[in-house]
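# Tertiary structure, described
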Amino acid sequence: MVVMDILAGLNDAQKQSVTTTSGPLLILAGAGSGKTKALTHRIAYLIANEGVWPEQILAVTFTNKAAREMRERLSGLLGQENTRTFMPWMGTFHGICVRLLRIDGEAVGVPRNFIIYDEDDRQGLIKQAMKQLSVSDKEIKPRTISSAVSNAKNELVTPDEFESTAQFPYQKTIAKVYRQYEKMRREAGALDFDDLLIETVRLFRDHSTVRTKWRDKFTHILIDEYQDTNAAQYALIKLLVNNQQNIAVVGDDWQSIYSWRGADFTNILNFERDFPGATVIKLEQNYRSTASILDAAHSVILKNTQRSDKKLWTAAGEGAPVRVHAVDDETAEAAFVAEAIAAQVAIGTRRYDDVAVLYRTNAQSAPLERAFMRYGVKYRIVGGVRFYDRKEVKDILAYLKLAVQPRDRMSFSRVVNVPTRGIGATSLEKFLAWQGSTDFDIIAALSNVEQTSSLTPRAKAALAGLGEILRSIQASIVNDAPAEVIEKLIKRTGYDTYILDDTPQAEDRQENLGALISDASAFASVDDFLEEAALLSSADSSADDNEVTLMTLHAAKGLEFPVVYMVGMEEGILPHARVYEAGPAELEEERRLCYVGMTRAREELHLTYAYSRITFGQRSYQPVSRFIADMGDQVLQTTGGPDRGATNRYTADEFDDFFPDEPFTSGDRVKSQAFGKGTVVDVDGLALTIEFDGGTTKRLNAEYARLEKI
DNA sequence: CGGTTGCACTTTTTT
DNA sequence: AGTGCAACCG
């Protein structure tokens, strides 16, 4: 690999991003400006031309998927074979922190076998903490406390500090719950998502030997999506950067959409202040979208006051205008989108996987799913109910967690009576009270349950039985591959028959367990598997089948599609109603969200809004989103006027204008790649009945059959 | 103890 | 509209 190859095909700003290898570097990368390319080539350049070892590079990405893709591209660029172990320190903040804590966490009291609590686990434990403190969940919702705790942690605020600054009684209460939650969490040997970051910060802050070791090791640091770093991540970065100051951050404040999670885009605006002498490079050429799309997106974002100045431009032509489509309601909206996609696919101008449908809230996916099924449009949903959030999957994972970490009361409480084994709330409480008074961990306590007098013989027998099951799982973890462990677990616990009720979901659940087993087979150990399951984001799945992608605007960050539909362009949805009572800052974030969505589109961008929509089981009427007005008239061609209200439907002509369709009709002469020439004798949507000249009659799908009109 | 019924709440976005 | 949970009954 020579310098020329690595720099070939890059523009000047990109080249500079690659070759500026020493000192702090800020790359302001607009949407679609070839940021990933610049980053990948930068790493390749460091390794191939500057003699930096891959192990010395700390590269932080926003999602696991981004890390995986970059690792693959990099391997290709450098001709690497062993993709899996290459660039071991490339990953998300959370993933990297897990690795660091597994190695050095004991210095700050993090047990080597710690398990990771997800949002559900955390909320469950907070509920328990509230119960113990007799805090009614009517007064303060567990969710509120959970997010308060998360915010506190992200700001590196301890329970003590929280309490000392608390002014109102309810803040005192939150502080109390926070402290109790921390106590219980620690006893369970678990870390929540935020702990992964702050324990690592504590590790580096309080242990200079450890800090120095890692500082010296990481000679080059790269942070992607820097605009979405929070205070804890910022502190971590500061602690890890050594005197060489070889830190490169990449981001775009226009695309900061995670402030609700503690992200602070002033981190990127202040980079030059934090790292004096930083080189600043702006990537301003957009290689993704047509001028129409870029102009419209620009008009939206320019209304924000809190933003940097930059001027994205494209060499691409104007392209098709951004289209705005008014529809009756959410059903009509879904049908419109499904029909339009089906039409484009049917005539072969697009494939399903050219298209993404983006929405503000997960709840909006339901009508779309129904319509897509009805129209036979293949789709996949990114996010929503994540695979690893399914009840049956979480149950199995809870068994595994408990086997790995027998002090994990949360997981124990989850599985103690699943499948039902006659242990109710009373027995559970008694057992836990007794176990807490002994030195036994949960599994040991189960095995010694005879020693307590407070339980009925029946309950004791059931608990002892569970203890045996857990011991057998532990043994299996030592001896068997992860997939086998899970298979045995499912049988041993009777979970396989437990999920076979007579509901229609029984089959789904079975399939999910099958998928879980096959997922697990890719891992070397149960520990690895549990880690991945906890940290995998909803944006990480990568089914590359030919399917339309449905996802939230947030999940779409970093992706691009030839055709994008943004649905629900109404006040109250985008911008979301919740920001009305918040402040201008929140409205600006909604605007950035709109910008992010629009700039995902390469060639075609369609926006839809509905005259009415059912929310919370109530029909509501919302005006069109202000962002549509912001886009300006010249780039928009509105079909179906806003004034046409409830009767606003597309005429057949209008529809054909926008989605030219040339469907097959009876009598058409066609040629099939597989069956030769024939005549269409019947049409039912995409299903065609064709009499081939050889005499055979086939029913074919117009989309897949590779038919050609002749 | 376990299942069922009815009521209340939901919908912001996620590592 | 769909889900989760609390209160009730068998």
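Residues numbered from 1 in each chain as written. Chains lettered and ligands numbered in written order. Predicted model: local features only at pLDDT ≥ 70, side-chain atom pairs only at ≥ 80, totals over all residues. Heavy atoms only, no water.

### Comments concerning the overall build of chain A
The helix and strand inventory of chain A stands at 29 helices and 24 strands. Here the C-alpha atoms of chain A give a radius of gyration of 28 Å, agreeing with the 27 Å that 2.2 N^0.38 yields for 710 residues. Judged by the C-alpha coordinates and their principal axes, chain A covers about 85 × 70 × 55 Å. For chain A, the accessible area works out to roughly 31,400 Å², and carbon and sulfur atoms hold 49% of it. Computed over 83 positive and 100 negative side-chain charges, the inter-centroid distance for chain A is 4 Å. (Helix = DSSP H or I, 4+ residues; strand = E, 2+ residues; numbered from the N terminus. Rg over C-alpha atoms; globule rule 2.2 N^0.38 Å. Areas by Shrake-Rupley, 256 points an atom, 1.4 Å probe, with all protein chains shown as cover. Lys, Arg positive; Asp, Glu negative; His and termini not counted. Charge placed at Lys NZ, Arg CZ, Asp CG, Glu CD.)

### Quick notes on unusual backbone geometry
Between V418 and P419 the backbone carries a cis peptide bond, its omega angle lying at -5°. You can see P419 is positioned in the loop between α19 (409–415) and α20 (425–437). We note that Q245 has phi near 60°; this positive angle belongs to a residue other than glycine. Looking at where Q245 falls in the secondary structure, it is placed in the loop between α12 (231–240) and β7 (247–251).

### A few points about helix α10 (residues 193–206)
Turn by turn, an α-helix covers 3.6 residues, leaving residues three or four places apart pointing in a common direction. If you check α10, its first and last C-alpha atoms are 21 Å apart, about what 14 residues at 1.5 Å a residue would give, namely 20 Å. The element α10 is largely enclosed, with a buried count of 10 among its 14 residues. Residues of α10 that are buried include every one of D194, D195, L196, L197, I198, E199, T200, V201, L203 and F204, and no others. Backbone nitrogen of D194 and a side-chain oxygen of the N-cap are separated by 3.1 Å at the start of α10; the cap is D192. (Expected span 1.5 Å × (residues − 1). Buried < 20%, exposed > 50% of the residue type's maximum accessible area, 1.4 Å probe, protein only. Polar contact = N/O pair within 3.5 Å; in protein donor to acceptor, adjacent residues only side chain to side chain.)

### Observations regarding the nonpolar core
Residues L400, F412, F431, L463, I473, I486 and F529 are the most contacted members of the largest nonpolar core, which totals 71 residues. In contact with L463, other than residues within four places in its own chain, are F412, V416, I423, F431, L446, V449 and L455. Counting 44 residues, the second-largest nonpolar core is a separate cluster that includes F114, F204, Y234 and I247. (Core = buried A, V, L, I, M, F, W, Y, C linked by side-chain atoms within 4.5 Å. Contact = heavy atoms within 4.5 Å.)

### A short note on the side chain of D630
Tracing the chain through its elements places D630 in helix α28 (residues 626–630). The class of D630 is buried, set by a relative accessible area of 14%. In this structure, D630 is in contact with S299, V300, K303 and R591, ignoring residues within four places of it in sequence.

### Observations regarding helix α22 (residues 457–479)
Between its first and last C-alpha, α22 extends 33 Å over 23 residues, near the 33 Å set by a 1.5 Å rise per residue. For α22, the complete set of buried residues consists of A459, K460, A462, L463, L466, G467, I469, L470, I473 and S476. Buried residues along α22 sit against α18 (391–404), α19, α20, α21 (442–447) and α23 (482–492).

### Section: the confidence of the model for chain A
The pLDDT averaged across chain A works out to 87; a share of 90% of its residues lies at or above 70. Scored below 50 in pLDDT, residues 654–660 shows 19 contacts in the model against residues more than four places distant or in partner chains. (pLDDT = per-residue confidence, 0-100.)

### Remarks on the pairing of β7
Within β7, 5 of the 5 residues are buried, leaving the element largely enclosed by the surrounding structure. Neither face of β7 is open: one carries I247, V249 and G251, the other A248 and V250, and all of them are buried. Bridge analysis of strand β1 (residues 25–29) against β7 gives 4 bridges, and the strand direction is parallel. Residue pairing for β7: L25 is matched across the bridge by A248. In this sheet, β7 lies alongside strand β6 (residues 220–223) in parallel orientation, the contact comprising 3 bridges. Of the residues in β7, the one forming a bridge with L222 is A248. One crossover worth recording links β6 to the parallel β7 by way of α12, and it is right-handed. (Pairing = 2+ DSSP bridges. Right-handed = clockwise from strand over helix to strand, strands pointing away.)

### Some thoughts on the packing of aromatic side chains
One pair of aromatic rings is described through two measures. These are the centre distance and the angle between the planes. Using the criterion set out here, one finds 16 aromatic pairs in the structure. We note K238 situated over the ring of F275; from NZ or CZ to the ring centre the distance is 4.9 Å. (Phe/Tyr/Trp six-rings, centres within 6.5 Å; stacked < 30°, edge-to-face > 60°. Lys NZ or Arg CZ within 6 Å of the ring centre and 35° of its normal.)

### Here's the deal with empty space enclosed by the protein
Under the counting rule described, the total for this entry stands at 2 cavities of 30 Å³ or more. L58, V60, F93, I96, L100, I221, I223, L236, I237 and L240 together form the lining of the largest cavity. Of all the elements in the fold, those that place two or more residues in the lining of the largest cavity are β2 (57–60), α5 (93–104), β6 and α12. Across the lining of the largest cavity, the residue classes tally to 10 nonpolar, no polar and no charged. (1 Å grid on protein atoms, 1.4 Å probe; cavity = no way out; pocket = protein on both sides within 12 Å on 5 of 7 lines; lining within 4 Å. Points joined across faces, edges and corners; volume = space filled by probe spheres on them. Nonpolar A, V, L, I, M, F, W, Y, C, P; charged D, E, K, R; others polar.)

### Observations concerning the sheet that holds β7
Strand order in the open sheet made by the 6 strands is β3-β2-β6-β7-β1-β8, with parallel pairing throughout. Each end of this open sheet is capped by a strand with a single partner; those strands are β3 (90–91) and β8 (279–283). Taken strand by strand, helix α3 (residues 35–49) contacts β1, β2, β3, β6, β7 and β8, and its axis lies near 170° from that of β6. (Axes fitted to C-alpha atoms, helices over the stretch in contact; angles between N-to-C directions.)

### A look at the packing of α18 against helix α26 (residues 526–535)
Contact geometry of α18 with α26 gives a least axis separation of 11 Å together with a crossing angle of 130°. Classified by the angle their axes make, α18 and α26 are oblique. Taken as a pair, α18 and α26 cross one another with a handedness that is left-handed. Contacts between α18 and α26 involve L397, L400, K401 and V404 from the former and V526, D527, F529, L530 and A533 from the latter. Partitioning the contact of α18 with α26 into residue classes produces 7 nonpolar, no polar and 2 charged. (Parallel < 35°, antiparallel > 145°, perpendicular 65-115°, else oblique. Left-handed = near helix turned anticlockwise from the far one by under 90°.)

### Concerning the environment of E106
Looking at the element boundaries, E106 is found in the loop between α5 and β4 (115–117). A residue is classified by how much of its surface remains accessible, and E106, at 44% relative accessible area, is partly exposed. Separated by 98 residues in sequence, E106 and F204 have C-alpha atoms that sit 12 Å apart. Setting aside residues up to four positions removed in sequence, E106 forms contacts with L101 and R112.

### Some thoughts on the packing of helix α15 (residues 291–301) against helix α27 (residues 584–598)
Remark: α15 packs on α27, axes separated minimally by 9 Å, with the N-to-C direction vectors making an angle of 175°. Here α15 lies roughly antiparallel to α27, going by the angle between them. Each of I293, A296, A297, H298, V300 and I301 in α15 lies in contact with α27, whose residues at this interface are R591, R592, C594, Y595 and M598. When its residues are assigned to classes, the contact of α15 with α27 shows 8 nonpolar, 1 polar and 2 charged.

### Quick notes on the pattern of salt bridges
Applying the stated criterion across every chain yields a total of 43 salt bridges. The shortest N-O distance in the salt bridge between R307 and D309 comes to 3.2 Å. Owing to a relative accessible area of 23%, R307 belongs among the partly exposed residues under this scheme. Close ionic contact of R602 with E560 constitutes a salt bridge, the shortest N to O distance being 2.7 Å. You can see R602 sitting in strand β16 (residues 601–610) and its partner E560 sitting in the loop between β14 (548–552) and β15 (561–566), a full 42 residues away along the chain. Given a relative accessible area of 27%, R602 falls into the partly exposed group. Residue E560 is classed as partly exposed on the basis of its relative accessible area of 35%. Because the salt bridges share partners, they merge into one network encompassing E119, R122, K153, E182, R185, R186, D192, D194 and D195. (Salt bridge = Lys/Arg side-chain N within 4 Å of Asp/Glu carboxyl O.)

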